[in-house]
Amino acid sequence: MFCFQCQETAKNQGCTIAGVCGKKEPTANLQDLLIYVCKGISVYGDALRLKGTVDREAGRFLIRALFVTITNAAWDDDAIIEWIRRGLEVRKGVAERAKAAGAAPAALPDCAVWTASSKEDIVAKANSPEVRITAMENEDVRSLRELLILGTKGIAAYAEHAEVLGFEKDEIYASMMEGLASTTKELSVDDMVAMVMKTGENAVATMALLDEANTKTYGNPEITEVNLGVRGNPGILISGHDLKDMEELLKQTEGTGVDVYTHGEMLPANYYPAFKKYDHFVGNYGSSWWHQNEEFESFNGPVLLTTNCLVPVKKDNTYLGRLFTTGVVSYPGAVHIADRKPGGAKDFSPLIEMAKKCAAPKEIETGKLVGGFAHAQVLALADKVIEAVKSGAIKRFVVMAGCDGRFPARNYYTDVAKNLPKDTVILTAGCAKYRYNKLDLGDIGGIPRVLDAGQCNDSYSLAVIALKLKEAFGLKDINELPISYDIAWYEQKAVAVLLALLFLGVKGIRLGPTLPAFLSPAVAGVLVKNFDIKPIDTVESDIAASRDDGGQVGPAGGAKNKRRGGCDAPALFFGGNLEKLRSGAFRLLQARRLQRPPRTEAT
Ligand code: SF4
Ligand code: SF4
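None of these values were measured; they are calculated from a predicted model.

A. Region of the structure containing the overall build of the protein chain. Scanning the protein chain from N- to C-terminus turns up 21 helices and 18 strands. Compactness check: the protein chain gives a C-alpha radius of gyration of 23 Å against a globular reference of 25 Å for 603 residues, within 12% of the reference. Seen through its principal axes, the protein chain has C-alpha atoms that stretch 70 × 65 × 45 Å. Within the span of the protein chain, comprising 603 residues, buried residues form 54% of the whole. Pairs at least 24 apart in sequence give 78% of the contacts found in the protein chain among residues at least 6 apart.

B. Structural detail: the domain arrangement of the protein chain. We note that the domain assignment places domain 1 (10-106 + 115-217), domain 2 (224-356) and domain 3 (373-566) within the protein chain. Summarising the inter-unit geometry, the C-alpha centres of domain 2 and domain 3 are found 31 Å apart. At the interface, ten residues of domain 2 touch nine residues of domain 3. Class assignment for the residues of the side of domain 2 that touches domain 3 results in four nonpolar, five polar and one charged.

C. Representation of helix H7 (residues 189-218) in the model. The end-to-end C-alpha distance of H7, which contains 30 residues, comes to 43 Å, matching closely the 44 Å that a straight helix rising 1.5 Å per residue would cover. At the exit of H7 stands glycine 219, carrying a positive phi of roughly 90°.

D. Local environment of the environment of leucine 144. Mapping leucine 144 onto the fold places it in helix H5 (residues 139-164). Classification of leucine 144 as buried rests on a count of 30 C-beta atoms within 10 Å. Spatially, the C-alpha atoms of leucine 144 and methionine 195 are 9.1 Å apart, while their sequence positions differ by 51 residues.

E. Representation of the site of ligand 1 within the structure. Among the 13 residues in the neighbourhood of ligand 1, the closest are listed as Cys3, Cys6, Cys15, Gly19 and Cys21. In terms of residue class, the shell around ligand 1 is made up of seven nonpolar, four polar and two charged.

F. Molecular detail of the sheet that holds strand S5 (residues 303-305). The six strands are arranged S4-S3-S2-S5-S6-S7 in an open sheet whose pairing can be described as parallel. This sheet does not close on itself; its edge strands, each paired only once, are strand S4 (281-284) and strand S7 (335-337). Across the sheet, the mean angle separating the axes of adjacent strands is 25° when strand polarity is ignored. Judged from the three bridges that link them, strand S2 (residues 235-239) and S5 form a sheet pairing that is parallel. Each residue of the ladder has a partner; that of isoleucine 238, found in S5, is leucine 304.

G. Up close: the packing of helix H1 (residues 25-50) against helix H6 (residues 170-182). Look at H1 against H6: their axes get within 8 Å of each other, and the N-to-C directions meet at 120°. Taken as a pair, H1 and H6 cross one another with a handedness that is left-handed. Residues Cys38, Lys39, Ser42, Val43, Gly45, Asp46 and Arg49 of H1 touch H6, and the partners they reach there are Ala174, Met177, Glu178, Leu180 and Ala181. Residues belonging to the contact of H1 with H6 are distributed by class as follows: six nonpolar, two polar and four charged.

H. Fine view of the nonpolar core. Counting residues in hydrophobic clusters, the biggest one holds 186 residues, and the most contacted among them are Leu34 and Leu62. Top contributing element to this core by residue count: H1, with 13 residues. Discounting chain neighbours no more than four positions away, the residues touching leucine 34 are Ala65, Val68, Thr69, Ile80, Trp83, Ile84 and Gly87.

I. How the structure looks around the confidence of the model for the protein chain. The share of residues in the protein chain with pLDDT of 70 or more is 92%, and the mean pLDDT across the chain is 91. A low-confidence stretch, residues 557-603 (pLDDT under 50), is modelled with 81 contacts involving residues beyond four sequence positions or located in other chains.

J. Quick peek at the sheet that holds strand S15 (residues 510-512). Judged by pairing direction, the sheet is parallel, and its six strands sit side by side in the order S13-S10-S9-S14-S15-S16 without closing on themselves. In the strand order of this sheet, the two ends are held by strand S13 (450-452) and strand S16 (534-535), each with one partner. Two strands pair when backbone bridges link them, and strand S14 (residues 483-488) and S15 are joined in this way by three bridges, in the parallel orientation. Among the inter-strand pairings, aspartate 486 is bridged to a residue of S15, identified as arginine 510.

K. Main features of the environment of glycine 392. By the secondary structure assignment, glycine 392 is in the loop between helix H13 (382-391) and strand S9 (396-399). Judged by C-beta crowding, with 12 C-beta atoms within 10 Å, glycine 392 ranks as exposed. Taking the C-alpha atoms as reference, glycine 392 lies 8.4 Å from valine 553; in sequence the two are 161 residues apart.

L. Highlighting the environment of glycine 512. With respect to the secondary-structure elements, glycine 512 resides in strand S15. In this structure, the C-alpha to C-alpha distance between glycine 512 and alanine 409, residues 103 residues apart in sequence, is 9.0 Å. Beyond its immediate stretch of four places on either side in the chain, glycine 512 contacts Tyr412, Ala488, Pro535 and Ile536.

M. Spatial organisation of H5. The first and last C-alpha atoms of H5 sit 37 Å apart over 26 residues, in line with the 38 Å expected at 1.5 Å per residue. Of all 26 residues in H5, 23 are buried, a share of seventy percent or more. At the C-terminal side of H5, glycine 166 shows a positive phi close to 90°.

N. The arrangement of the packing of H5 against H6 in detail. At a minimum axis separation of 10 Å, H5 and H6 run at an interaxial angle of 160°. As judged from the angle between their axes, H5 and H6 are roughly antiparallel. Crossing of H5 against H6: the hand is left-handed. Of H6, the residues touching H5 (which contributes Leu148, Thr152, Ile155, Ala156 and Ala159) are Ile172, Met176, Gly179 and Leu180. Split by residue class, the contact of H5 with H6 holds seven nonpolar, two polar and no charged.

Here is what the cut-offs are and how they apply
The residue count restarts for each chain, going from 1 along the sequence in the order it is written. Naming scheme: in the order in which they are written, chains are lettered from A and ligands are numbered from 1. For this predicted model, a pLDDT threshold of at least 70 governs which residues receive local features, and a threshold of 80 or more governs which side-chain atom pairs are given and counted, while totals over whole chains, interfaces and linings are taken from all residues. Helix numbering and strand numbering both begin at the N terminus, where a helix is a DSSP run of H or I of at least 4 residues and a strand a DSSP run of E of at least 2. We take the radius of gyration over the C-alpha atoms and set the globule estimate at 2.2 Å times the residue count to the 0.38 power. Three classes are used. A residue is buried when 20 or more other C-beta atoms lie within 10 Å of its own, exposed when 12 or fewer do, and partly exposed in between, with C-beta atoms placed from the backbone. For every residue pair, C-beta atoms are placed from the backbone, and the pair is scored as a contact if these atoms sit within 7 Å. Domain delimitation follows an automatic or database domain assignment. Put simply, Ala, Val, Leu, Ile, Met, Phe, Trp, Tyr, Cys and Pro go in the nonpolar bin, Asp, Glu, Lys and Arg in the charged bin, and everything else, Gly too, in the polar bin. Take the number of residues in a helix, subtract one, and multiply by 1.5 Å to get its expected span. Here, nearness means that the C-beta atom of a residue, built from backbone geometry, sits within 6 Å of the molecule or strand in question. At least two DSSP bridges between two strands are required for those strands to pair. Here an angle of 0 to 180 degrees is reported between the N-to-C directions of two axes, which are lines fitted to C-alpha atoms, with helices fitted over the stretch in contact. Working rule for handedness: look at the near helix, and if it is turned counterclockwise from the far one by less than a right angle, call the crossing left-handed; if clockwise, right-handed. When buried Ala, Val, Leu, Ile, Met, Phe, Trp, Tyr and Cys residues are joined through C-beta atoms within 7 Å, the set is termed a nonpolar core. Scored from 0 to 100, pLDDT records how confident the predictor is in each individual residue. Here the angle decides the label: under 35 degrees means roughly parallel, over 145 means roughly antiparallel, 65 to 115 means roughly perpendicular, and every other value means oblique.

If you want it as structure tokens, here you go:
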């Protein structure tokens, strides 16, 4: 196996024997094959696109199949084999439609033509070297292709959430197919870079679509105090990101005497008006995804995983019998709730019946936390925020969005939050907030110092807020704002968010706790050089350095820009010559890496 798609990859190089996440070799290999099938589908889908047709059936399959391969989603090999079988059917269909349209590609790579007639054929292909990431020996080409593919996985996840709510765009599917098909071709560096930037553009479009889907369906998130304690009724715990599942679970549990709590990534569901109206929606239980072995155990009732992250059940855990998966998630031994039929709803009655027989959740904390600061809510407070900036009460915003994870090095984010000057406001989205959202960081004139926009896809909200502030202060460039970016990443949705920020022209992002292993030294060097991306350093030095990020907008008026403004991202990204890029910027990067203490491995 070879997998380097997440931040916790072994030695920050790649998992080759088993995943640090717990993924075993057969599962990793099957996931590689599923991506291979997705590339084959895209070869035909892209040929159709060039003839002016977007194949929706192919697009709808791709968003689910790629989502299956995201970290901590699919653990059941039989389920992945079924996805591969379905993928081969979808590929056959799109190939026939391409042929009928006179769009059959002239040269077909193996991913577009290999076939399997049995489970054994599929397993044999999954174990063969041509489907592995390492089949591409040139590490820079591999890096650019994987940057595109991993970002596309994140886009797929966000597009799937939107599609479930009835929102989809052919342009998004078309761009995904164009990008995946491009990874089967010999392209120049410039062309590969252009495809990566197109992926960033597609990430922005997809996050905007998901924002529209969520807010049109469930209303704009509102400032909300989320209860952290428990009640005496039995409960169901729901995690992941799928708001449609949340809606149906709340409807089906109403009046049953069973309460509903969110966990991990589902916390932002508490901020939506459409869900707040349910009295039996009690609040949030526990913390971020990697605490689930303890927290699912003490919850006592059924647990529903609607998307990643699901971590392996440990030997001494007893909750496998009350673990339910749905959608792209699978786990051996857990009951899978089937997809809804057209016009229908999923059937969550097995969870409800089980919950009635379970003890109430054990209380693990009490109190409340505040969230719901997506763009509409922050813009409703815009006058107050702008006044606070103009008066100098708020001197700086720090975007500390992204992921949480197991590495002790992530205490950095807690320490940064604790030590930032009191005139700094943290803008957040995603699981990273669990590192500091229960600290009492106070407020600035009634504006909380941590403004949580929601899930990681709500990073789009943070971009909207930044663009509105730029407008309000009459600035030419988003980089002139007094905003620092201190992003924590873990899995592939965060890669999509990162590409989106780069496409929007954001510079000077601090990325941690480590830089992605899938960036070759040359590609990483280019990001450092052209986008001023930097690995996190010490808490003290990063806080000190952040005072020079961007510009200053304050009582003195006007903007002082210290960050290089403007961005012609594709042109800036590479000079077109990989060799040149191995020089200065990479040495700088290595020097910074060497300055950092060795990382402690996850336990
Ligand atoms: S998802 Fe991460 S931890 Fe798991 S195998 Fe891949 S790189 Fe390793
Ligand atoms: S914040 Fe990161 S770890 Fe959490 S769901 Fe989003 S991408 Fe995954």
